[in-house]
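Letter by letter, the chains look like this.
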Amino acid sequence: METAKFVWMDAHLVPWDDANIHVMSHGLHYGAGVFEGLRCYETARGPAIFRLGDHIRRLERSAKVYTVGLPFPVEQLAEACREVVRANGLNECYIRPIVYVGFGDPNPFLAPIHAAVGCWPWDDYLGPEAYENGVTVKISSFRKVGPNVIPPAAKATGQYLNSILAKVEALTCGYDECILLDDAGYVAEGSSENVFIVRDRILVTPPASAGALPGVTRDTVMALAARLGYEVREEVFVRSDLYLADEAFFTGTASEIVSICGVDGRPVGAGEPGPVVGALRSAYCDLVHGRIDELAHWLDPIDA
Ligand code: PMP
(Lines give C-alpha, C1' and ligand atoms only; values in the text may rest on other atoms or scores of the structure.)
Protein backbone atom coordinates (compact mmCIF):
# COMPACT_ATOMS: atom_id res chain seq x y z
CA MET A 1 0.00 0.00 0.00
CA GLU A 2 1.22 3.49 -0.82
CA THR A 3 1.82 5.71 2.20
CA ALA A 4 2.40 9.43 2.73
CA LYS A 5 4.97 11.62 4.49
CA PHE A 6 3.11 12.93 7.54
CA VAL A 7 0.30 12.04 9.91
CA TRP A 8 -1.51 14.64 12.05
CA MET A 9 -1.39 13.38 15.65
CA ASP A 10 -2.87 15.38 18.51
CA ALA A 11 -2.30 18.66 16.65
CA HIS A 12 1.24 17.90 15.44
CA LEU A 13 2.44 16.66 12.07
CA VAL A 14 4.68 13.66 12.62
CA PRO A 15 6.59 11.62 10.02
CA TRP A 16 4.53 8.63 8.79
CA ASP A 17 6.98 6.07 10.23
CA ASP A 18 6.87 7.71 13.68
CA ALA A 19 3.07 7.85 13.90
CA ASN A 20 2.88 5.24 16.69
CA ILE A 21 0.63 4.69 19.70
CA HIS A 22 1.28 2.87 22.97
CA VAL A 23 0.72 -0.89 22.66
CA MET A 24 -1.41 -0.84 25.83
CA SER A 25 -3.93 1.64 24.39
CA HIS A 26 -7.60 0.83 25.09
CA GLY A 27 -8.30 1.45 21.43
CA LEU A 28 -6.11 -1.49 20.47
CA HIS A 29 -7.31 -3.90 23.15
CA TYR A 30 -11.03 -3.11 23.27
CA GLY A 31 -11.74 -1.44 19.93
CA ALA A 32 -12.52 1.82 21.70
CA GLY A 33 -12.31 4.38 18.95
CA VAL A 34 -14.37 6.09 16.28
CA PHE A 35 -13.23 7.02 12.83
CA GLU A 36 -14.13 8.38 9.41
CA GLY A 37 -13.10 7.90 5.82
CA LEU A 38 -13.10 10.82 3.38
CA ARG A 39 -11.71 11.54 -0.04
CA CYS A 40 -9.96 14.53 -1.55
CA TYR A 41 -10.37 15.10 -5.29
CA GLU A 42 -8.77 17.40 -7.83
CA THR A 43 -11.10 20.20 -8.86
CA ALA A 44 -10.77 23.47 -10.77
CA ARG A 45 -10.48 25.18 -7.35
CA GLY A 46 -7.57 22.90 -6.40
CA PRO A 47 -7.70 19.73 -4.27
CA ALA A 48 -10.98 19.65 -2.34
CA ILE A 49 -12.37 17.32 0.33
CA PHE A 50 -15.79 15.89 -0.44
CA ARG A 51 -18.48 16.52 2.22
CA LEU A 52 -15.92 17.27 4.92
CA GLY A 53 -18.51 18.81 7.27
CA ASP A 54 -20.84 15.81 6.98
CA HIS A 55 -18.06 13.34 7.75
CA ILE A 56 -16.86 15.31 10.76
CA ARG A 57 -20.45 15.59 12.03
CA ARG A 58 -20.78 11.80 11.72
CA LEU A 59 -17.52 11.42 13.67
CA GLU A 60 -19.05 13.59 16.37
CA ARG A 61 -22.21 11.45 16.40
CA SER A 62 -20.18 8.21 16.55
CA ALA A 63 -18.21 9.63 19.48
CA LYS A 64 -21.48 10.46 21.24
CA VAL A 65 -22.78 6.90 20.87
CA TYR A 66 -19.61 5.52 22.43
CA THR A 67 -19.24 8.36 24.99
CA VAL A 68 -15.78 9.14 23.64
CA GLY A 69 -15.22 12.85 24.24
CA LEU A 70 -13.66 14.51 21.18
CA PRO A 71 -10.23 15.80 22.30
CA PHE A 72 -10.37 18.70 19.80
CA PRO A 73 -13.21 20.90 18.54
CA VAL A 74 -14.82 19.64 15.33
CA GLU A 75 -13.55 22.74 13.45
CA GLN A 76 -9.98 21.80 14.39
CA LEU A 77 -10.49 18.20 13.29
CA ALA A 78 -11.86 19.45 9.96
CA GLU A 79 -8.86 21.74 9.57
CA ALA A 80 -6.58 18.80 10.46
CA CYS A 81 -7.98 16.96 7.41
CA ARG A 82 -7.11 19.91 5.16
CA GLU A 83 -3.72 20.37 6.81
CA VAL A 84 -2.61 16.76 6.45
CA VAL A 85 -3.49 16.70 2.74
CA ARG A 86 -1.62 19.97 2.20
CA ALA A 87 1.42 18.75 4.17
CA ASN A 88 1.60 15.59 2.10
CA GLY A 89 1.29 17.47 -1.18
CA LEU A 90 -1.42 15.11 -2.43
CA ASN A 91 -4.04 16.22 -4.95
CA GLU A 92 -6.21 13.14 -4.63
CA CYS A 93 -6.22 10.84 -1.63
CA TYR A 94 -8.20 8.98 1.00
CA ILE A 95 -8.31 10.64 4.45
CA ARG A 96 -8.70 8.78 7.74
CA PRO A 97 -9.45 10.71 10.95
CA ILE A 98 -9.55 8.56 14.09
CA VAL A 99 -10.32 9.36 17.72
CA TYR A 100 -9.23 6.61 20.10
CA VAL A 101 -8.90 5.85 23.77
CA GLY A 102 -5.25 5.66 24.76
CA PHE A 103 -3.51 3.97 27.66
CA GLY A 104 -4.57 4.97 31.15
CA ASP A 105 -7.08 4.11 33.83
CA PRO A 106 -9.21 1.01 33.01
CA ASN A 107 -12.26 3.24 33.47
CA PRO A 108 -12.70 4.54 29.90
CA PHE A 109 -13.90 7.90 31.22
CA LEU A 110 -10.53 8.41 32.89
CA ALA A 111 -8.26 7.26 30.05
CA PRO A 112 -6.77 9.84 27.69
CA ILE A 113 -8.43 10.37 24.30
CA HIS A 114 -6.28 11.02 21.24
CA ALA A 115 -6.98 12.08 17.66
CA ALA A 116 -5.05 11.44 14.48
CA VAL A 117 -5.62 12.09 10.78
CA GLY A 118 -3.76 10.23 8.07
CA CYS A 119 -4.09 10.30 4.30
CA TRP A 120 -2.72 8.27 1.45
CA PRO A 121 -3.29 7.66 -2.27
CA TRP A 122 -5.95 4.91 -2.63
CA ASP A 123 -7.58 4.48 -6.01
CA ASP A 124 -9.13 1.08 -6.32
CA TYR A 125 -10.50 -0.10 -2.98
CA LEU A 126 -12.26 -3.16 -4.44
CA GLY A 127 -9.54 -3.96 -6.96
CA PRO A 128 -8.66 -2.51 -10.37
CA GLU A 129 -11.39 -4.35 -12.28
CA ALA A 130 -14.28 -3.57 -9.91
CA TYR A 131 -15.31 -0.39 -11.72
CA GLU A 132 -15.17 -2.00 -15.16
CA ASN A 133 -16.77 -5.35 -14.43
CA GLY A 134 -18.52 -5.01 -11.09
CA VAL A 135 -18.01 -7.29 -8.12
CA THR A 136 -19.36 -10.65 -7.02
CA VAL A 137 -20.94 -10.88 -3.60
CA LYS A 138 -21.69 -13.56 -1.04
CA ILE A 139 -24.50 -13.17 1.47
CA SER A 140 -22.63 -13.69 4.69
CA SER A 141 -23.42 -16.35 7.26
CA PHE A 142 -22.46 -13.71 9.85
CA ARG A 143 -25.30 -11.35 10.79
CA LYS A 144 -24.94 -7.58 11.07
CA VAL A 145 -24.53 -6.46 14.67
CA GLY A 146 -27.82 -5.10 16.02
CA PRO A 147 -28.53 -1.73 17.61
CA ASN A 148 -28.65 -3.34 21.07
CA VAL A 149 -25.33 -5.14 20.58
CA ILE A 150 -23.06 -2.63 18.85
CA PRO A 151 -25.03 0.23 17.27
CA PRO A 152 -24.32 0.12 13.52
CA ALA A 153 -25.35 3.77 13.21
CA ALA A 154 -21.91 4.71 14.54
CA LYS A 155 -18.57 4.12 12.88
CA ALA A 156 -16.40 2.60 15.60
CA THR A 157 -13.18 0.61 15.28
CA GLY A 158 -14.27 -2.50 17.24
CA GLN A 159 -17.42 -3.03 15.22
CA TYR A 160 -15.39 -3.73 12.09
CA LEU A 161 -14.66 -7.24 13.42
CA ASN A 162 -18.18 -7.98 12.17
CA SER A 163 -17.26 -6.72 8.70
CA ILE A 164 -13.95 -8.58 8.73
CA LEU A 165 -15.59 -11.92 9.55
CA ALA A 166 -18.00 -11.49 6.66
CA LYS A 167 -15.37 -10.20 4.23
CA VAL A 168 -12.91 -13.02 4.99
CA GLU A 169 -15.68 -15.58 4.52
CA ALA A 170 -16.58 -14.06 1.14
CA LEU A 171 -12.95 -13.90 -0.04
CA THR A 172 -12.31 -17.46 1.12
CA CYS A 173 -15.29 -18.64 -0.93
CA GLY A 174 -13.99 -16.84 -4.04
CA TYR A 175 -16.25 -13.76 -3.98
CA ASP A 176 -15.07 -10.14 -4.04
CA GLU A 177 -17.26 -8.76 -1.27
CA CYS A 178 -19.96 -9.68 1.24
CA ILE A 179 -23.42 -8.46 2.20
CA LEU A 180 -24.61 -8.85 5.78
CA LEU A 181 -28.24 -9.42 6.76
CA ASP A 182 -29.73 -8.14 10.00
CA ASP A 183 -31.18 -10.49 12.62
CA ALA A 184 -34.58 -10.48 10.93
CA GLY A 185 -33.00 -11.52 7.62
CA TYR A 186 -33.24 -8.16 5.85
CA VAL A 187 -30.31 -6.89 3.80
CA ALA A 188 -28.21 -4.46 5.89
CA GLU A 189 -25.06 -3.50 3.97
CA GLY A 190 -21.65 -4.60 2.71
CA SER A 191 -18.48 -4.79 4.83
CA SER A 192 -17.87 -1.08 4.31
CA GLU A 193 -20.47 -0.05 1.76
CA ASN A 194 -24.18 0.66 1.58
CA VAL A 195 -26.28 -1.35 -0.88
CA PHE A 196 -28.86 -0.32 -3.48
CA ILE A 197 -30.99 -2.37 -5.82
CA VAL A 198 -32.68 -1.08 -8.96
CA ARG A 199 -36.12 -2.41 -9.98
CA ASP A 200 -37.98 -0.88 -12.92
CA ARG A 201 -35.80 2.25 -12.64
CA ILE A 202 -36.71 2.62 -8.93
CA LEU A 203 -33.76 2.63 -6.51
CA VAL A 204 -34.21 0.92 -3.14
CA THR A 205 -31.78 1.01 -0.22
CA PRO A 206 -32.20 -0.43 3.29
CA PRO A 207 -33.08 2.02 6.07
CA ALA A 208 -30.72 2.62 8.99
CA SER A 209 -33.07 0.46 11.10
CA ALA A 210 -31.92 -2.58 9.06
CA GLY A 211 -28.35 -1.98 10.23
CA ALA A 212 -27.12 0.29 7.45
CA LEU A 213 -24.62 3.01 8.35
CA PRO A 214 -26.05 6.39 7.25
CA GLY A 215 -23.49 6.61 4.47
CA VAL A 216 -22.44 9.94 3.03
CA THR A 217 -22.12 8.38 -0.43
CA ARG A 218 -25.56 6.76 0.01
CA ASP A 219 -27.00 10.20 0.73
CA THR A 220 -25.08 11.68 -2.22
CA VAL A 221 -26.39 8.97 -4.55
CA MET A 222 -29.95 9.65 -3.39
CA ALA A 223 -29.48 13.32 -4.35
CA LEU A 224 -27.91 12.45 -7.70
CA ALA A 225 -30.59 9.87 -8.47
CA ALA A 226 -33.31 12.47 -7.84
CA ARG A 227 -31.51 14.88 -10.22
CA LEU A 228 -31.39 12.12 -12.84
CA GLY A 229 -35.13 11.52 -12.45
CA TYR A 230 -35.04 8.19 -10.59
CA GLU A 231 -37.35 7.48 -7.68
CA VAL A 232 -35.47 6.41 -4.53
CA ARG A 233 -37.01 4.49 -1.64
CA GLU A 234 -35.63 3.52 1.75
CA GLU A 235 -37.21 0.12 2.30
CA VAL A 236 -36.20 -3.23 3.72
CA PHE A 237 -35.57 -6.03 1.24
CA VAL A 238 -34.36 -9.61 1.34
CA ARG A 239 -31.61 -11.56 -0.43
CA SER A 240 -33.87 -12.76 -3.25
CA ASP A 241 -34.58 -9.10 -4.10
CA LEU A 242 -30.86 -8.87 -4.86
CA TYR A 243 -31.01 -12.02 -7.03
CA LEU A 244 -33.97 -10.60 -8.96
CA ALA A 245 -32.91 -6.94 -9.24
CA ASP A 246 -32.31 -5.31 -12.62
CA GLU A 247 -29.13 -3.84 -11.15
CA ALA A 248 -27.49 -3.63 -7.74
CA PHE A 249 -24.59 -1.58 -6.49
CA PHE A 250 -22.48 -0.59 -3.50
CA THR A 251 -21.78 2.97 -2.37
CA GLY A 252 -19.01 4.14 -0.07
CA THR A 253 -16.34 6.77 0.20
CA ALA A 254 -13.56 4.29 -0.51
CA SER A 255 -15.35 2.25 -3.20
CA GLU A 256 -17.46 5.16 -4.56
CA ILE A 257 -20.13 3.45 -6.73
CA VAL A 258 -19.48 -0.15 -7.75
CA SER A 259 -21.82 -2.45 -9.59
CA ILE A 260 -22.74 -5.79 -7.99
CA CYS A 261 -22.76 -8.17 -10.92
CA GLY A 262 -23.52 -11.38 -9.04
CA VAL A 263 -24.88 -12.53 -5.70
CA ASP A 264 -24.43 -16.07 -4.36
CA GLY A 265 -23.45 -17.31 -7.82
CA ARG A 266 -26.48 -15.80 -9.56
CA PRO A 267 -25.97 -13.00 -12.08
CA VAL A 268 -27.71 -9.73 -11.14
CA GLY A 269 -29.54 -8.48 -14.23
CA ALA A 270 -27.25 -8.93 -17.22
CA GLY A 271 -24.33 -9.80 -14.90
CA GLU A 272 -22.48 -6.63 -15.79
CA PRO A 273 -22.66 -2.92 -14.84
CA GLY A 274 -26.02 -1.60 -16.04
CA PRO A 275 -27.21 1.80 -17.31
CA VAL A 276 -28.39 3.17 -13.95
CA VAL A 277 -25.06 2.44 -12.26
CA GLY A 278 -23.32 3.93 -15.29
CA ALA A 279 -25.36 7.16 -15.11
CA LEU A 280 -24.82 7.48 -11.35
CA ARG A 281 -21.08 6.81 -11.61
CA SER A 282 -20.66 9.42 -14.27
CA ALA A 283 -22.67 11.99 -12.25
CA TYR A 284 -20.66 11.13 -9.12
CA CYS A 285 -17.41 11.63 -11.01
CA ASP A 286 -18.61 15.05 -12.21
CA LEU A 287 -19.75 15.97 -8.72
CA VAL A 288 -16.58 15.07 -6.80
CA HIS A 289 -14.44 16.86 -9.38
CA GLY A 290 -16.49 20.04 -8.97
CA ARG A 291 -18.32 19.93 -12.30
CA ILE A 292 -21.85 20.24 -10.83
CA ASP A 293 -22.19 23.88 -9.81
CA GLU A 294 -25.32 23.49 -7.67
CA LEU A 295 -23.55 20.92 -5.47
CA ALA A 296 -20.14 22.63 -5.38
CA HIS A 297 -20.75 23.48 -1.70
CA TRP A 298 -20.07 19.80 -0.95
CA LEU A 299 -16.42 20.37 -1.86
CA ASP A 300 -14.07 21.99 0.64
CA PRO A 301 -10.88 23.23 -1.06
CA ILE A 302 -7.88 22.40 1.13
CA ASP A 303 -6.45 25.88 0.53
CA ALA A 304 -9.64 27.74 1.48
N1 PMP B 1 -21.25 0.97 5.74
C2 PMP B 1 -20.12 0.77 6.44
C3 PMP B 1 -20.10 -0.33 7.45
C4 PMP B 1 -18.98 1.55 6.19
O5 PMP B 1 -17.85 1.34 6.86
C6 PMP B 1 -19.03 2.55 5.19
C7 PMP B 1 -17.81 3.38 4.91
N8 PMP B 1 -17.75 4.48 5.77
C9 PMP B 1 -20.23 2.74 4.50
C10 PMP B 1 -21.33 1.94 4.80
C11 PMP B 1 -20.36 3.84 3.48
O12 PMP B 1 -20.35 5.08 4.12
P13 PMP B 1 -19.79 6.38 3.38
O14 PMP B 1 -20.50 6.49 2.12
O15 PMP B 1 -20.09 7.48 4.33
O16 PMP B 1 -18.33 6.18 3.20
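### Here we look at the site of the ligand
Moving on, step 1. Lining the immediate environment of the ligand, one finds 16 residues, of which Tyr160, Glu189, Val216, Thr217 and Thr253 sit closest.
Moving on, step 2. In the environment of the ligand, a nitrogen atom lies 2.9 Å from a nitrogen or oxygen atom belonging to the side chain of Lys155.
Moving on, step 3. Glu189 places a side-chain nitrogen or oxygen 2.6 Å from a nitrogen atom of the ligand.
Moving on, step 4. Coverage of the ligand by the protein chains reaches 96% of its 390 Å² of free accessible surface.
Moving on, step 5. Taken together, the residues that form the shell around the ligand break down as 3 nonpolar, 9 polar and 4 charged.

### Quick notes on a nonpolar patch on the surface
Moving on, step 1. On the surface, Ile21, Val23, Met24, Leu28 and Phe103 cluster together into a nonpolar patch covering about 500 Å² of accessible area.
Moving on, step 2. Following the sequence through the fold, Ile21 ends up in the loop between strand S2 (12-15) and helix H1 (26-30).
Moving on, step 3. Ile21 gets classed as partly exposed once you look at its relative accessible area, which sits at 42%.

### What to know about the nonpolar core
Moving on, step 1. Counting residues in each nonpolar core, the largest one holds 29 residues, and the members touching the most others are Trp8, Ile49, Val85 and Ile95.
Moving on, step 2. At the level of secondary structure, the elements contributing two or more residues to this core comprise strand S4 (38-41), helix H2 (52-65), helix H3 (74-88), strand S6 (93-101) and strand S7 (113-120).
Moving on, step 3. Per-element accounting of this core gives the leading share, 6 residues, to H3.
Moving on, step 4. Those residues within four positions of Val85 in sequence are excluded, and the remaining contacts are Cys40, Leu90, Cys93, Ile95, Cys119 and Ile302.
Moving on, step 5. Counting residues in hydrophobic clusters, the runner-up holds 24 residues, among them Leu203, Ala225, Tyr230 and Leu299.

### Brief notes about the environment of Val74
Moving on, step 1. Within the secondary structure, Val74 sits in helix H3.
Moving on, step 2. The spacing of Val74 and Glu60 is 14 residues in sequence and 7.5 Å in space, taken between C-alpha atoms.

### Let's talk about a negative patch on the surface
Moving on, step 1. A surface patch of like charges, here negative, comprises Glu2, Glu42, Glu92, Asp123 and Asp124.
Moving on, step 2. Counting through the fold element by element, Asp123 comes out in the loop between S7 and helix H4 (130-133).
Moving on, step 3. You can call Asp123 exposed: its relative accessible area is 61%.

### A few points about the packing of aromatic side chains
Moving on, step 1. Applying the stated criterion to the full structure yields 10 aromatic pairs.
Moving on, step 2. A centroid spacing of 5.7 Å and a plane angle of 45 degrees characterise the contact between Trp120 and Trp122, whose relative ring orientation is tilted.
Moving on, step 3. Judged by relative accessible area, which is 8%, Trp120 ranks as buried.
Moving on, step 4. Within the aromatic cluster, the residues linked to one another by ring pairs are Trp16, Tyr94, Trp120, Trp122 and Tyr125.
Moving on, step 5. Its guanidinium or amino end placed over the ring of Trp298, Arg51 lies 3.9 Å from that ring's centre, counting from NZ or CZ.
Moving on, step 6. Residue placement shows Arg266 over the ring face of Tyr243; its charged tip is 4.2 Å from the ring centre.

### As for the packing of H2 against H3
What describes two packed helices is the angle between their axes and the distance between those same axes.
Moving on, step 1. Contact geometry for H2 and H3: axes closest at 10 Å, N-to-C directions at 130 degrees. It follows that H2 is oblique to H3 by the angle criterion. Here H2 and H3 pass one another in a crossing that is right-handed. Across from Leu52, Ile56, Leu59 and Glu60 in H2, the residues of H3 making contact are Val74, Leu77, Ala78, Cys81 and Arg82.

### Describing the domain arrangement of the protein chain
Moving on, step 1. On domain assignment, one finds that the protein chain holds domain 1 (6-120) and domain 2 (130-288).
Moving on, step 2. Each of domain 1 and domain 2 was reduced to a C-alpha centroid, and the two centroids are 26 Å apart.
Moving on, step 3. Each partner contributes to the interface: domain 1 provides 22 residues, whereas domain 2 provides 21 residues.
Moving on, step 4. Between domain 1 and domain 2 lies a buried interface of about 1700 Å² when both sides are counted; carbon and sulfur atoms form 60% of it.
Moving on, step 5. Contact with domain 2 buries area across many residues of domain 1, yet Phe35, Phe50 and Arg58 alone supply 32% of it, more than any other trio.
Moving on, step 6. For the pair domain 1 and domain 2, the number of links is 1 salt bridge.
Moving on, step 7. At the junction of domain 1 and domain 2, the tally comes to 13 residue pairs in polar contact (both at pLDDT 80 or more).
Moving on, step 8. Per element, the largest residue contribution to the side of domain 1 that touches domain 2 is 5 residues, and it comes from H2.
Moving on, step 9. Of the residues belonging to the side of domain 1 that touches domain 2, the class tally is 10 nonpolar, 6 polar and 6 charged.

Rules and cut-offs
Each chain has its residues counted from 1, running along the sequence as written. At least 70 in pLDDT is required for a residue's local features to be given in this predicted model, at least 80 for side-chain atom pairs to be given and counted, and no such filter applies to totals for whole chains, interfaces and linings, which use all residues. Side-chain metrics in this entry use all non-hydrogen atoms of the structure; hydrogen atoms and water are not considered. In this text, near means that some heavy atom of the residue lies within 4 Å of the molecule or strand in question. Between N or O atoms, a polar contact is any pair within 3.5 Å; within protein, one atom must be a potential hydrogen donor and the other a potential acceptor, and residues adjacent in sequence are included only when both atoms are from side chains. Residue exposure ignores everything except the shown protein chains as possible cover, and the areas themselves are Shrake-Rupley values with a 1.4 Å probe. Residue classes follow a fixed rule: Ala, Val, Leu, Ile, Met, Phe, Trp, Tyr, Cys and Pro count as nonpolar, while Asp, Glu, Lys and Arg count as charged, and any other residue, Gly among them, counts as polar. Without a salt bridge and with relative accessible area above 30%, a residue can belong to a patch; like charges are then joined within 9 Å and nonpolar side chains (Val, Leu, Ile, Met, Phe, Trp, Tyr) within 5 Å. Whenever a carboxyl oxygen of Asp or Glu lies within 4 Å of a side-chain nitrogen of Lys or Arg, that contact is scored as a salt bridge. Comment: elements are numbered from the N terminus, with helices defined as DSSP H or I runs of at least four residues and strands as E runs of at least two. Relative accessible area decides the class of each residue, using a 1.4 Å probe on protein chains only: under 20% of the type maximum gives buried, over 50% gives exposed, and in between gives partly exposed. We call a set of buried Ala, Val, Leu, Ile, Met, Phe, Trp, Tyr and Cys residues a nonpolar core when their side-chain atoms join them within 4.5 Å. Two residues qualify as a contact provided that any one of their heavy atoms is within 4.5 Å of a heavy atom in the partner residue. A residue counts as positive if it is Lys or Arg and as negative if it is Asp or Glu; His and the chain ends are not included. In this description, the location of a charge corresponds to atom NZ of lysine, CZ of arginine, CG of aspartate or CD of glutamate. The criterion for an aromatic pair is that two Phe, Tyr or Trp rings (for Trp, the six-membered ring) have centres within 6.5 Å, with stacked assigned to planes under 30 degrees apart, edge-to-face to planes over 60 apart and tilted to the rest. By definition here, charges over rings are those cases where NZ of Lys or CZ of Arg is within 6 Å of the ring centre and within 35 degrees of the ring normal. Here the axes come from fitting lines to C-alpha atoms, over the contacting stretch only for helices, and the angles between their N-to-C directions go from 0 to 180 degrees. Here the word oblique covers every angle except those under 35 degrees (roughly parallel), over 145 (roughly antiparallel) and from 65 to 115 (roughly perpendicular). When the near helix sits turned anticlockwise from the far one by under a right angle, the crossing is termed left-handed; a clockwise turn instead gives a right-handed crossing. Residue ranges labeled as domains rest on an automatic or database domain assignment. Put simply, buried area is how much 1.4 Å-probe accessible surface two parts lose in total, over both of them, once they are put together.

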